[in-house]
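Next come the chains, spelled out residue by residue.
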Amino acid sequence: MFDLRRLRLLYELSVRGTLAAVAEALAYSPSTISQQLAQLERDAGVPLLEPDGRRVRLTAQGEALAAHAAIMLDADEQARAELERLQPSHAPVRVAAMQSAVHGLIPAAVRSLAESEPELRVEVMELAPEEGLFELSARGFDLVVAEQYPGHTREHRAGIEHTLLGRDAIRLAVSPDEPTTDLAAFADRAWVMEPRGTAARQWSTQQCRAAGFEPDVRFELADLTAHARLVAAGAAVGMIPDLVFAGATPPVRLVDLPGTPRRDVFTAVRRGSRGRPGIRAVRAALAAAFDASADGDTEKAP
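Here the residue numbering is sequential within each chain, running from 1 through the sequence in written order. The model is predicted, so local features are restricted to residues of pLDDT at least 70 and side-chain atom pairs to those at 80 or more, both for listing and for counting; the totals for chains, interfaces and linings are taken over all residues. The side-chain values count all of the structure's non-hydrogen atoms but skip hydrogen atoms and water molecules.

Caption draft 1: Geometry of the packing of helix 1 (residues 4-16) against helix 3 (residues 30-44). Between helix 1 and helix 3, whose axes approach to 9 Å, the crossing angle comes to 110°. One element, helix 1, and the other, helix 3, form an angle in the roughly perpendicular class. Of the residues in helix 3, those in contact with Arg-6, Leu-7, Leu-9, Leu-10 and Leu-13 of helix 1 are Ile-33, Gln-36, Leu-37, Gln-39, Leu-40 and Asp-43. A class-by-class count of the residues in the contact of helix 1 with helix 3 yields seven nonpolar, two polar and two charged. Between N-to-C directions, angles cover 0 to 180 degrees, with each direction set by a line fitted to C-alpha atoms, over the stretch in contact for helices. The helix count covers DSSP runs of H or I at least four residues long, the strand count covers runs of E at least two residues long, and both are numbered beginning at the N terminus. Here the angle decides the label: under 35 degrees means roughly parallel, over 145 means roughly antiparallel, 65 to 115 means roughly perpendicular, and every other value means oblique. The contact definition used throughout considers only heavy atoms, calling two residues in contact when any of these lie within 4.5 Å. Charged means Asp, Glu, Lys or Arg here, nonpolar means Ala, Val, Leu, Ile, Met, Phe, Trp, Tyr, Cys or Pro, and polar covers whatever is left, Gly included.

Caption draft 2: Here's a closer look at the pattern of salt bridges. One speaks of a salt bridge when a side-chain nitrogen belonging to Lys or Arg is within 4 Å of a carboxyl oxygen belonging to Asp or Glu. Under the criterion given, the structure shown has 24 salt bridges. Residue Glu-161 pairs with Arg-283 through a salt bridge whose shortest N-O separation is 2.9 Å. Of this pair, Glu-161 sits in strand 6 (residues 160-174) while Arg-283 sits in helix 10 (residues 277-293), and the two are 122 residues apart along the sequence.

Caption draft 3: A look at the packing of aromatic side chains. Side-chain rings of Phe, Tyr and Trp (the six-membered ring for Trp) are treated as a pair once their centres are within 6.5 Å; stacked means planes under 30 degrees apart, edge-to-face means over 60, and tilted covers the remaining angles. In this structure the tally under the stated criterion is two aromatic pairs. Relative to Trp-203, the ring of Tyr-149 has its centre 5.5 Å away and its plane inclined at 50°; by these criteria the two rings are tilted. In this pair, Tyr-149 is assigned in the loop between strand 5 (143-148) and strand 6 and Trp-203 in helix 8 (residues 199-210), connecting sequence segments 54 residues apart. For every residue, the accessible area obtained with a 1.4 Å probe (protein chains only) is divided by the maximum for its type, and the residue is called buried under 20%, exposed over 50%, and partly exposed between those limits. The buried category is assigned to Trp-203, whose relative accessible area is 3%. With a centroid separation of 6.1 Å and 35° between ring planes, the pair formed by Trp-191 and Phe-213 is classed as tilted. A residue pair is termed long-range when its members are at least 10 positions apart, and Trp-191 in strand 7 (residues 190-193) and Phe-213 in the loop between helix 8 and strand 8 (216-220) qualify at 22 residues. For the pair formed by Trp-191 and Phe-213, the shared burial category is buried. As a reminder, the over-ring test applies to NZ of lysine and CZ of arginine, requiring each to be within 6 Å of the ring centre and within 35 degrees of the ring normal. One residue, Arg-139, lies across the ring of Tyr-11, its end atom 5.5 Å from the ring centre.

Caption draft 4: Molecular detail of the confidence of the model for the protein chain. As a per-residue measure, pLDDT tells how confident the predictor is, with possible values from 0 to 100. Averaged over every residue, the pLDDT of the protein chain is 90; the share at 70 or more is 96%. Element-level mean pLDDT values for the protein chain span from 60 in strand 12 (residues 299-300) up to 98 in strand 7.

Caption draft 5: Quick peek at helix 3. If you check helix 3, its first and last C-alpha atoms are 21 Å apart, about what 15 residues at 1.5 Å a residue would give, namely 21 Å. For helix 3, every residue scored as buried is listed here: Ile-33, Leu-37 and Leu-40. Buried residues of helix 3, viewed axially, fall in a sector of 55°; they line one side. In helix 3, the exposed positions that point more than 90 degrees away from the buried face belong to Gln-35 and Arg-42. Two residues or fewer past helix 3, Gly-45 is found with a positive phi of approximately 80°. Helix span, expected: 1.5 Å multiplied by one less than the number of residues in the helix. Working note: the arc is built from the helix axis to C-beta atom directions.

Caption draft 6: Representation of the pairing of strand 5 within the structure. The element strand 5 is largely enclosed, with a buried count of six among its six residues. Neither face of strand 5 is open: one carries Leu-143, Val-145 and Glu-147, the other Val-144, Ala-146 and Gln-148, and all of them are buried. In this description, strands pair whenever DSSP reports at least two bridges between them. When strand 3 (residues 93-97) meets strand 5, the two strands line up parallel, connected through three bridges. Bridge pairing in strand 5 links Val-95 to Leu-143. Taken together, the six bridges between strand 5 and strand 11 (residues 262-270) define a ladder with antiparallel strand orientation. In the sheet register, Leu-143 faces strand 11, and the bridge partner there is Val-269.

Caption draft 7: Examining the packing of helix 1 against helix 2 (residues 19-26) more closely. Here helix 1 crosses helix 2 at 120°, and the two axes come no closer than 9 Å. Between helix 1 and helix 2, the crossing angle belongs to the class labelled oblique. Pair helix 1 / helix 2 crosses with right-handed handedness. Counting all contacts with helix 1, which are made through Arg-8, Leu-9, Glu-12, Leu-13 and Arg-16, the residues of helix 2 involved are Leu-19, Ala-21, Val-22, Ala-25 and Leu-26. Broken down by class, the residue content of the contact of helix 1 with helix 2 amounts to seven nonpolar, no polar and three charged. By definition, any crossing whose near helix is turned counterclockwise from its far helix by less than a right angle is left-handed, and any crossing with a clockwise turn is right-handed.

Laid out in structure tokens, this is it:
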């Protein structure tokens, strides 16, 4: 019989790519992981790894077993979820959330859970959606709060389920005393945007190009509250989702963009663990927090 813990190491290697990355993610030493994978190889009776320069890669047999490992790990999660439903436990729920959700949803959700599920431990880490969704697939987290910008569909990963919380309006943010509201009028201004490679950066850049100019991005920051402060100071203009302000009075002037665009805000979990009572409670609390924050052109999920 295959040891499930060793199978997880093989699966982790298939998605993370290197022994060092697996070791960092699981807090093991690389030598321990190598020893465990060597034992798994003996159990399988076929070579699972082969040298690839200074690294190792999975053989065809290793890839096949890693695919089966994903199925077995999913079945293990489903079994644990069923047992937890029959006799509720308080296994921690590990949440990765994008920054605007950390500001706009997590405090209200955690406060609600403290009242309704006082024994439930919720652990939260701020991660960009791209990284959070990867870590969810790799079993680094149990639940992710992420977003999807118009025209930028997130990758569909096997075994991952998305549930829409609602649609969050994205607006042009300018200083409070700014008289101009037309997007094209800001062609010569300094812009603040999220880092290159993010869906938000790609989408914002496309809006500027559609208005006839290439944005002069002088400030490249992941922190959206820093975006708002730079805009409020008159140092830049930007595009900021409503959730960043979570019902508070914005320090900037917000102007509707052409077409009144909205991003989808959603939670994601592995299908094998979606039935866990703790995960269901956290998802419900996040949905209630989003509904409570929704105003203006922000839409609740149907």
